[in-house]
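An overview of the molecular structure
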Amino acid sequence: MGTSLTPEFWERFTLLLFAAMGVTFALAALFDALALRRRNRRAHLPSVPPTRAPHRTGTADHRPFVRS
């Protein structure tokens with residue numbers, strides 16, 4: 001028993017499709033803006049002062065000798 005799709009169905013389908021697309025695009029734009037704002041806020045945080053590098057000796061006693 002087949003049913004035919006009426007013009008009223010297609011009108012309602014089109015309306016709901018465009019409404020869903022609009023909501024999807026609006027939410028995507030909102031979440032993108034929030035993500036960019038969060039990323040920019042993290043970039044502008046004051047940085048931690050650099051720590052001093054460990055002292056290096058003039059010789060490299062810890063490296064193995066490799067013959068060429």
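Residues numbered from 1 in each chain as written. Predicted model: local features only at pLDDT ≥ 70, side-chain atom pairs only at ≥ 80, totals over all residues. Heavy atoms only, no water.

Comments concerning the overall build of the protein
Helix and strand counts for the protein stand at 1 helix and 0 strands. Relative to its 68 residues, the protein shows a buried fraction of 0%. Entry remark: accessible area of the protein is about 7,600 Å², with carbon and sulfur atoms responsible for 63%. (Helix = DSSP H or I, 4+ residues; strand = E, 2+ residues; numbered from the N terminus. Buried < 20%, exposed > 50% of the residue type's maximum accessible area, 1.4 Å probe, protein only. Areas by Shrake-Rupley, 256 points an atom, 1.4 Å probe, with all protein chains shown as cover.)

A word on the packing of aromatic side chains
Aromatic rings considered in pairs are described by the distance between their centres and by the relative angle of their planes. Taken as a whole and assessed by the stated rule, the structure comprises 3 aromatic pairs. Ring geometry for Phe9 versus Phe13: centroids 6.0 Å apart, planes at 20 degrees, classification stacked. Of the two residues, Phe9 and Phe13 are both situated in helix H1 (residues 7-43); the distance of 4 residues between them amounts to about one turn of the helix. Judged by its relative accessible area of 40%, Phe13 falls in the partly exposed class. Ring geometry for Trp10 against Phe13: centres 5.7 Å apart, planes inclined by 90 degrees, an arrangement best described as edge-to-face. Placement of the pair is Trp10 and Phe13 together in helix H1, with a separation of 3 residues, close to one helical turn. (Phe/Tyr/Trp six-rings, centres within 6.5 Å; stacked < 30°, edge-to-face > 60°.)

Notes on a nonpolar patch on the surface
Taken together, the side chains of Leu5, Phe9, Trp10, Phe13, Leu17, Phe18, Met21 and Phe25 present a nonpolar region at the surface, about 820 Å² in accessible area. Here Met21 is to be found in helix H1. By relative accessible area, Met21 is classed as partly exposed at 34%. (Patch = residues over 30% accessible without salt bridge, like charges linked within 9 Å, V, L, I, M, F, W, Y side chains within 5 Å. Salt bridge = Lys/Arg side-chain N within 4 Å of Asp/Glu carboxyl O.)

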